[in-house]
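Chain by chain, the residues run as shown.
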Amino acid sequence: MQTTLVIIKPSGIQKGIAGRIISRFEEKGLIIAGMKMMELNENILREHYAHLVDRPFFPSLLRSMMATPVVVLAVKGVDAVAVVRAMTGATNARNAAPGTIRGDFGMSGQENIIHASDSPENAAIEVARFFKAGEVFDYTPCTLPAFYAPDELNS
């Protein structure tokens, strides 16, 4: 199983839809292995968005991501990175398909509700960035056999 990072951004917090987003992951069969609310500061955002620091919109992105606390999740499941990315939808929420989180709840490229890791390698880095040792749990929900075939869980 993979673990991936999800951030419910200030736009999702301000809309009051954090619970609805978390429910979607649980209903899909993903495991919430870690969850906390936190305020992001410029240092962690510069590290997290290092690939965007030189872009002209970066100051606006900083303001946006520090507008309210965020909810960070460590989400676990078979192929969790790809599954969560598919559920998240296109970065520009206006282009996101209906049924995706951004497609259902967003209208902006920047105020796009949610961040999701884009690869297993980045997921490991990002989970470690936002969660300390002991904050991500390894447990097996009793409902797991309803979501996965036995051979999927053992691979």
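These notes cover the structure that comes with them. None of these values were measured; they are calculated from a predicted model. (Residues numbered from 1 in each chain as written. Predicted model: local features only at pLDDT ≥ 70, side-chain atom pairs only at ≥ 80, totals over all residues. Heavy atoms only, no water.)

1. Here's the deal with the packing of helix α2 (residues 18-28) against helix α5 (residues 80-88)
Now for step 1: Their axes nearest at 12 Å, the elements α2 and α5 cross at an angle of 135 degrees. With respect to α5, the axis of α2 lies oblique. Between α2 and α5 the crossing geometry is right-handed. Across the interface between the two elements, Arg24, Phe25 and Lys28 from α2 touch Val83, Val84 and Met87 from α5.
Now for step 2: Among the residues forming the contact of α2 with α5, the class breakdown is 4 nonpolar, no polar and 2 charged. (Axes fitted to C-alpha atoms, helices over the stretch in contact; angles between N-to-C directions. Helix = DSSP H or I, 4+ residues; strand = E, 2+ residues; numbered from the N terminus. Parallel < 35°, antiparallel > 145°, perpendicular 65-115°, else oblique. Left-handed = near helix turned anticlockwise from the far one by under 90°. Contact = heavy atoms within 4.5 Å. Nonpolar A, V, L, I, M, F, W, Y, C, P; charged D, E, K, R; others polar.)

2. Notes on the pattern of salt bridges
Now for step 1: All chains considered together, the criterion is met by 5 salt bridges.
Now for step 2: Between Arg24 and Asp104 there is a salt bridge; the shortest N-O distance is 2.5 Å. Placement of Arg24 in helix α2 and of Asp104 in helix α6 (residues 101-105) is noted, with a sequence separation of 80 residues between them.
Now for step 3: Residue Arg24 is classed as partly exposed on the basis of its relative accessible area, which comes to 22%.
Now for step 4: A salt bridge links Asp138 to Lys76; the nearest nitrogen and oxygen atoms lie 2.4 Å apart. Taken together, the residues Asp138 in the loop between α7 (120-130) and α8 (144-147) and Lys76 in strand β3 (residues 70-77) connect sequence positions 62 residues apart. (Salt bridge = Lys/Arg side-chain N within 4 Å of Asp/Glu carboxyl O. Buried < 20%, exposed > 50% of the residue type's maximum accessible area, 1.4 Å probe, protein only.)

3. Here we look at the nonpolar core
Now for step 1: If you look at the biggest cluster of nonpolar residues, it comprises 20 residues, and the most contacted ones within it are Ile21, Phe25 and Leu73.
Now for step 2: Of all elements in the fold, only β1 (2-8), α2, β3, α5, α6 and β4 (114-116) reach the threshold of two or more residues within this core.
Now for step 3: The dominant element in this core, judged by the number of residues it contributes, is α2, at 4 residues.
Now for step 4: The residues touching Phe25, leaving out its near neighbours within four places in the chain, are Val6, Leu30, Ile32, Leu73, Val84, Met87, Ile101 and Ile114.
Now for step 5: Counting 19 residues, the second largest nonpolar core, distinct from the first, contains Leu45, Leu62, Val70 and Val127. (Core = buried A, V, L, I, M, F, W, Y, C linked by side-chain atoms within 4.5 Å.)

Keep in mind these values describe shape, not function.
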